[in-house]
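Residue strings, one per chain:
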Amino acid sequence: MEPLGYLPNMESVTREVKLMMNPETAFAAAPADAPAPSRFGVKDVEDVTWKNYFDSLACTECGRCTSVCPANITGKRLSPRKIFIDLRARMKEKGPGFVKSGKEFNDGKSLLSDYITAEELWACTTCNACAQECPVNINHPSLIVEMRRYLVMEEAAAPTGLNMMFNNIENNGAPWQFSPQDRMKWAEGLEIWDAWERMWRCG
Ligand code: SF4
Ligand code: SF4
């Protein structure tokens, strides 16, 4: 029962970052038999959590989530209610294949793209209004964010605005298009400027 809006870090990615920053910590934190992730994020029903799937079964289709969704209200294609109805429908379609042929079953379709489009997913502001209103505690943003993670990490299919931000973080250490050295220019001529210059020089 995490606080509403809590987005967990991806363990496999966290490990990679720790490895870069401090190899000893990373190896200590990684269980020896930790499996390599087969896929980042959610593409199809086999990637969702049991909670996501139970959520889809619990949905009463009341529509309260969609009625408060700012994306939906402003005419975007996103409907949080539809996201979970789609998950339920896709499991109903693919589930029998899993039972018959095992977890490698593939019918050439997927939840993402055949049921839910990238346009729907990127319309979400992660405001959590849908989850707040849902009478059966369904957490819509958790699934939406995981599908976005798949798009970004497996398909490199982020919207242009986000790609610019990723580049800036990589090059400048911040989402903005300014060099880290220029970050304090606003303080030039102020008292704080001298303190910052001393700090910068000392590293
Ligand atoms: S508010 Fe909850 S129960 Fe109602 S339609 Fe949305 S997800 Fe389903
Ligand atoms: S979190 Fe996303 S889906 Fe839910 S109400 Fe906000 S914008 Fe809509």
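Residues numbered from 1 in each chain as written. Chains lettered and ligands numbered in written order. Predicted model: local features only at pLDDT ≥ 70, side-chain atom pairs only at ≥ 80, totals over all residues.

### Notes on the overall build of the protein
When its secondary structure is counted, the protein shows 12 helices and 0 strands. Secondary structure of the protein in N-to-C order comes out as α-α-α-α-α-α-α-α-α-α-α-α. Against the globule reference of 17 Å for 203 residues, the protein gives a C-alpha radius of gyration of 21 Å, more extended than a compact globule. When the backbone C-alpha atoms are referred to their principal axes, the protein occupies close to 70 × 45 × 30 Å. Burial analysis of the protein (203 residues in total) assigns 22% to the buried set. By sequence separation, contacts in the protein at least 24 residues apart represent 65% of the contacts at least 6 residues apart. (Helix = DSSP H or I, 4+ residues; strand = E, 2+ residues; numbered from the N terminus. Rg over C-alpha atoms; globule rule 2.2 N^0.38 Å. Buried ≥ 20, exposed ≤ 12 C-beta atoms within 10 Å, placed from the backbone. Contact = placed C-beta atoms within 7 Å.)

### Describing the nonpolar core
Within the largest apolar cluster, 27 residues are counted, with the highest numbers of intra-cluster contacts made by L87 and M147. Mapped onto this core, the elements with two or more residues apiece are α6 (80-101), α7 (111-115), α8 (118-122), α9 (129-133) and α10 (140-155). The greatest single-element share of this core, amounting to 5 residues, is contributed by α10. (Core = buried A, V, L, I, M, F, W, Y, C linked by C-beta atoms within 7 Å.)

### Some points on the site of ligand 1
Every one of the 14 residues lining ligand 1 counts as a neighbour, but C59, C62, R64, C65 and C134 are closest to it. Where the shell around ligand 1 is concerned, the elements lending two or more residues are α4 (64-68) and α6. Residues belonging to the shell around ligand 1 are distributed by class as follows: 8 nonpolar, 2 polar and 4 charged. (Near = placed C-beta within 6 Å. Nonpolar A, V, L, I, M, F, W, Y, C, P; charged D, E, K, R; others polar.)

### Considering the site of ligand 2
What surrounds ligand 2 is a group of 14 residues, the closest being C69, C124, C127, A129 and C130. Elements represented by at least two residues in the shell around ligand 2 include exactly α5 (70-73), α9 and α10. Broken down by class, the residue content of the shell around ligand 2 amounts to 10 nonpolar, 4 polar and no charged.

### Notes on helix α3 (residues 50-58)
By the burial criterion, the buried members of α3 are N52, D55 and S56. Projected down its long axis, α3 shows its buried positions confined to an angular sector of 100°, all on one face. Those residues of α3 that are exposed and angled more than 90 degrees off the buried face are W50 and L57. For α3, the secondary structure elements touched by its buried residues are α6 and α10. (Arc of directions from axis to C-beta.)

### Comments concerning the domain arrangement of the protein
The assigned domain composition of the protein is domain 1 (1-37), domain 2 (40-158) and domain 3 (160-203). Listed by partner, the interface residues are 5 residues for domain 1 and 5 residues for domain 2. Taken together, the residues of the side of domain 1 that touches domain 2 break down into 4 nonpolar, 1 polar and no charged. (Domains from an automatic or database assignment.)

### Some remarks on unusual backbone geometry
Phi is positive for T126, close to 55°, though the residue is something other than glycine. Its location among the elements puts T126 in the loop between α8 and α9. C-beta crowding within 10 Å serves as the criterion here: with 14 such atoms nearby, T126 is assigned to the partly exposed category. Its identity as a non-glycine residue notwithstanding, N137 has a phi of 60°, on the positive side. Overall, the presence of 12 C-beta atoms within 10 Å leaves N137 in the exposed class.

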